[in-house]
Amino acid sequence: MMEIAIYDGNGQAVYLTVEEMVAQAPLLLPLDQRVPGIEGKAFDLKQWYFAWRAGRDELSPLPTYMLVEAVDQFQARIPWGQLDQAVLLYSQNGLPLEKGFPIRLYVPDGSSNCLNVKSIVRFDFIRNDEQGVEAEFGFKNRISTDELKKR
Ligand SMILES: Nc1nc2c(c(=O)[nH]1)N[C@H]1C(S)=C(S)[C@@H](COP(=O)(O)O)O[C@H]1N2
Ligand SMILES: [Mo]
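What this report covers is the structure whose coordinates are included nearby. All figures in this text were calculated on a predicted structure; none of them were measured in a lab. (Residues numbered from 1 in each chain as written. Chains lettered and ligands numbered in written order. Predicted model: local features only at pLDDT ≥ 70, side-chain atom pairs only at ≥ 80, totals over all residues. Heavy atoms only, no water.)

## Concerning the overall build of the protein
(1) Moving on: Each helix and strand in the protein was counted, giving three helices and eleven strands.
(2) Moving on: Going residue by residue from the N terminus, the α and β elements of the protein occur as β-β-α-β-β-α-β-β-β-β-β-β-β-α.
(3) Moving on: Expressed as a percentage of the 151 residues in the protein, the buried residues total 44%.
(4) Moving on: Of all intrachain contacts in the protein linking residues separated by at least 6 positions in sequence, the fraction that spans at least 24 positions is 59%.
(5) Moving on: Entry remark: accessible area of the protein is about 8500 Å², with carbon and sulfur atoms responsible for 51%.
(6) Moving on: Averaging the coordinates of the 16 positive side-chain charges in the protein and doing the same for the 21 negative ones gives two points 5 Å apart. (Helix = DSSP H or I, 4+ residues; strand = E, 2+ residues; numbered from the N terminus. Buried < 20%, exposed > 50% of the residue type's maximum accessible area, 1.4 Å probe, protein only. Contact = heavy atoms within 4.5 Å. Areas by Shrake-Rupley, 256 points an atom, 1.4 Å probe, with all protein chains shown as cover. Lys, Arg positive; Asp, Glu negative; His and termini not counted. Charge placed at Lys NZ, Arg CZ, Asp CG, Glu CD.)

## Let's talk about the environment of E19
(1) Moving on: Looking at the element boundaries, E19 is found in helix α1 (residues 18–24).
(2) Moving on: For the pair E19 and P36, spaced 17 residues apart in the sequence, the C-alpha separation amounts to 25 Å.

## Observations concerning the nonpolar core
(1) Moving on: Core analysis: the largest hydrophobic core is formed by 32 residues, its most contacted members being M21, W48, I103 and F123.
(2) Moving on: Elements represented by at least two residues in this core include exactly β1 (4–7), α1, α2 (45–53), β5 (65–70), β6 (74–79), β7 (87–92) and β10 (120–126).
(3) Moving on: Sort the elements by how many residues they give to this core and α2 lands first, with four residues.
(4) Moving on: Core analysis: the second largest hydrophobic core is formed by eight residues, V35, A42, V87 and L89 among them. (Core = buried A, V, L, I, M, F, W, Y, C linked by side-chain atoms within 4.5 Å.)

## Some words on the pairing of β5
Looking down a regular strand, the side chains alternate between one sheet face and the other.
(1) Moving on: In terms of burial, β5 is a largely internal element, six of the six residues being buried.
(2) Moving on: What sits between β5 and β6 in their antiparallel hairpin is a turn of three residues, with Q73 showing a positive phi close to 75°.
(3) Moving on: Sheet topology note: the β5/β10 ladder contains six bridges and is antiparallel. When the sheet's bridge partners are listed, A70 is paired in β10 with I120. (Pairing = 2+ DSSP bridges.)

## Quick look at the site of ligand 1
(1) Moving on: In the neighbourhood of ligand 1, the contacting residues comprise A70, D72, F74, K99, R104, N113, C114, N116, V117, K118 and F139.
(2) Moving on: A distance of 2.7 Å is found between a nitrogen atom of ligand 1 and a side-chain nitrogen or oxygen belonging to D72.
(3) Moving on: Within the side chain of K118, one N or O atom sits 2.5 Å away from an oxygen atom of ligand 1.
(4) Moving on: Here ligand 1, which alone exposes 540 Å², has 66% of that area covered by the protein.
(5) Moving on: Taken together, the residues of the shell around ligand 1 sort by class into five nonpolar, two polar and four charged. (Near = heavy atom within 4 Å. Polar contact = N/O pair within 3.5 Å; in protein donor to acceptor, adjacent residues only side chain to side chain. Nonpolar A, V, L, I, M, F, W, Y, C, P; charged D, E, K, R; others polar.)

Rendered as structure tokens:
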């Protein structure tokens, strides 16, 4: 069973399955309500997040970013304010995802479609003081072509 690691600022991972995340999600919706033209079952990211953390550290500040990492080590770090319409897609054609398993992010308000990370296995809710930083994405620990040329 594929488990997804969730970090919420205290360095401790909580592991959840997709089924557990779906069961906690207050708002389930068809993906095409947020991403026209793509079918599937999704849930609202921020509503899930607030339901999941309810009862724990209620007084801790809101995240400033969400970092997600995929099985292929693709990752994205997205400012909290770009995530108001974000959803997590978990099923298509009545089945677990064929593309994007176990779960896929869509960020309708995001600065790029490249933020629609497939096959997420880690969520990290980050709080820091960085200001005005844009969303970032790419492969983790990727060596730039300039670096490779020097070797
Ligand atoms: N895990 C993972 N997710 C990913 C990527 C990737 O390489 N790995 N590419 C991203 C980029 S750059 C784009 S443009 C979109 C493409 O989504 P599509 O395959 O549905 O067209 O997926 C994003 N999600
Ligand atoms: Mo992309």
